[in-house]
Structure formats: structure tokens, C-alpha cells
Amino acid sequence: MSVTTVPLRPVSKGGLWLMWFGVAALIAAAIAFAVMSTPRIGFEVVKEGTGNSPTMSDVVLVKYEGKLDDGKVFDANEQAPFQVAQTAPGFAEALTRMKKGGKYKVTIPPALGYGDKDNGPIPGGSTLHFEVELLEFKTEAEVRAMQQQMQMMQQQQQMMQQQGGPPPGAPQP
């Protein structure tokens, strides 16, 4: 068995540059397509806050109002505590961009909200519109420390009641 070789003509330098330009154009087009097809939240700063932004593991206290495209309010709260990571992906992303004391308008596409599934008063495939004010946030460690402190106080009150001490709130002798 013999192998036949075919001589290739040399490629000019101009041809190589043209080939690399074509590869770069294809990569740029692929990146643009990926960016354009990735759902993104709408995020508008109404009033700038101060300090750091919460992380996914933090607990936030927010005032918010959520509306559908037709303006119907589906949820509102004056002081709602949330762990950032336990909210809808788009809402979590928005929270990590906020600062304490700031007010924001957030638009969450269905892919970053609740998708095509109905969720209570929110029909599947809904775009969600929020007005959010970040009142406060604490790190996970700060929340754990507060919980431990509260547990210790409850245990002390229980011990005092079992020993026949004064009722809670009574003046100490």
C-alpha cells in the first residue's frame, strides 16, 4: 500500500492574517450571542445607599413591593427579613448589588424569577417588578451570635422561674 502525497502551496502572510481575523470575528460573535441570550435583571438606583453590599450568605431586612406587568401588587412588606440565598435568583442578584439605606427598582425576567410555574398569586412566565429599600443586613455569623444570645437569655429566665425567683420583669432585690 502506498501513500500519495499532494503538494500544498505555501500560504501567504496576508492569508494567515485573514484566517486569524475570521477566527476572532467568530469568537466575538459567539460571545455577543451568549451575552444577549443570557437573561439579566433590570436594576435602577433610585436612592444610593452607603457601605458594603450583602453577600449570598447574609440576612437582609427589606421594605418592598412586588408588581406584575399589569401593575397588580402580588406582595408587599414593610420589614421582611430574608436570607439572600433563599430568594429567587434574580432577587438574590439584586440584593447583592444594593447598599444599606438605598432604594431600588428591580425588574426580574421569568427565567430569573419563578419560571413557567405558577407561584401563589404570580402566574407562570411573569416578569416581576419590585421597589426595594434595603433597611439593614447582618452577616450569617452576626445572626448566629444574636440567636445564641437569645437562647442564653431564655435559659436564664427558665432557670429563675424553676428556682422560684422573681417573675420576669420584676425588680431585683
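Our structure is the block above this text.
Predicted model only: the values in this text are computed from it and were never measured.

**Here we look at the overall build of the protein**
Reasoning step 1: Within the protein, the regular secondary structure consists of 3 helices and 5 strands.
Reasoning step 2: Helices and strands appear in the protein in the N-to-C order α-β-β-β-α-β-β-α.
Reasoning step 3: On C-alpha atoms alone, the protein measures out to a radius of gyration of 29 Å, which is more than a quarter above the 16 Å that the 2.2 N^0.38 rule sets for 173 residues.
Reasoning step 4: Here the C-alpha coordinates of the protein stretch approximately 105 × 50 × 40 Å along the principal axes.
Reasoning step 5: Across the 173 residues in the protein, those meeting the buried criterion constitute 21%.
Reasoning step 6: Counting every atom, the protein has about 12600 Å² of accessible surface; 59% of that belongs to carbon and sulfur.
Reasoning step 7: Of the side chains in the protein, 15 bear a positive and 16 a negative charge, and the two mean positions are spaced by 9 Å.

**Brief notes about the pairing of strand E3 (residues 73-83)**
Reasoning step 1: Where strand E2 (residues 59-67) meets E3, 8 bridges bridge the pair, whose relative direction is antiparallel. The residue bridging Val60 from the neighbouring strand is Phe82, located in E3.
Reasoning step 2: A loop of 5 residues connects E2 with E3, the two strands running antiparallel in sequence, and Gly71 in this loop sits at a positive phi of about 90 degrees.

**Quick look at the layout of surface pockets**
Reasoning step 1: Estimates place the volume of the largest pocket at around 230 Å³.
Reasoning step 2: Lining the largest pocket are 14 residues, with Tyr64, Asp75, Phe82, Tyr114 and Phe130 positioned closest to its centre.
Reasoning step 3: If you list the elements that add at least two residues to the lining of the largest pocket, you get E3 and strand E5 (128-138).
Reasoning step 4: Broken down by element, the residue count for the lining of the largest pocket peaks at 3 residues, all from E3.

**Concerning the sheet that holds E5**
Within a sheet, adjacent strands bond to each other through the backbone by hydrogen bonds, running parallel or antiparallel.
Reasoning step 1: Taken in spatial order, the 5 strands line up as E1-E4-E5-E2-E3 in an open sheet, and their pairing is antiparallel. With partners counted over all chains shown, the strands left at the sheet margins are strand E1 (42-47) and E3, one partner each. Between one strand axis and the next, the sheet turns through 20 degrees on average, direction left out of account.
Reasoning step 2: Pairing analysis gives 5 bridges linking E1 to strand E4 (residues 103-108), with the strands arranged antiparallel. Looking at the pairing, Val45 lines up with Tyr104 of E4.
Reasoning step 3: Where helix H3 (residues 140-162) meets the sheet, it contacts E2, E3 and E5, and its direction lies at approximately 60 degrees from that of E5.

**Some thoughts on the side chain of Glu133**
Reasoning step 1: Tracing the backbone shows Glu133 in strand E5.
Reasoning step 2: For the buried Glu133, no salt bridge is present, and the opposite-charge side chain at shortest range is Lys103, 4.2 Å distant.
Reasoning step 3: Those residues within four positions of Glu133 in sequence are excluded, and the remaining contacts are Leu61, Val62, Lys63, Gly102 and Lys103.

**Details of the pattern of salt bridges**
Reasoning step 1: Considering all chains together, one arrives at 5 salt bridges under this definition.
Reasoning step 2: One salt bridge in this structure joins Arg97 and Glu93, with 3.8 Å as the shortest N-O distance.
Reasoning step 3: Among the residues examined, Arg97 registers a relative accessible area of 41% and is labelled partly exposed.
Reasoning step 4: Notably, a salt bridge pairs Glu136 with Lys100, separated by 3.1 Å at the nearest N-O pair. Taken together, the residues span a long stretch of sequence, with Glu136 in strand E5 and Lys100 in the loop between helix H2 (89-95) and E4 at a distance of 36 residues.
Reasoning step 5: Classification of Glu136 as partly exposed rests on a relative accessible area of 26%.

Reading the values: the criteria
- Residues numbered from 1 in each chain as written.
- Predicted model: local features only at pLDDT ≥ 70, side-chain atom pairs only at ≥ 80, totals over all residues.
- Heavy atoms only, no water.
- Helix = DSSP H or I, 4+ residues; strand = E, 2+ residues; numbered from the N terminus.
- Rg over C-alpha atoms; globule rule 2.2 N^0.38 Å.
- Buried < 20%, exposed > 50% of the residue type's maximum accessible area, 1.4 Å probe, protein only.
- Areas by Shrake-Rupley, 256 points an atom, 1.4 Å probe, with all protein chains shown as cover.
- Lys, Arg positive; Asp, Glu negative; His and termini not counted.
- Charge placed at Lys NZ, Arg CZ, Asp CG, Glu CD.
- Pairing = 2+ DSSP bridges.
- 1 Å grid on protein atoms, 1.4 Å probe; cavity = no way out; pocket = protein on both sides within 12 Å on 5 of 7 lines; lining within 4 Å.
- Points joined across faces, edges and corners; volume = space filled by probe spheres on them.
- Axes fitted to C-alpha atoms, helices over the stretch in contact; angles between N-to-C directions.
- Contact = heavy atoms within 4.5 Å.
- Salt bridge = Lys/Arg side-chain N within 4 Å of Asp/Glu carboxyl O.

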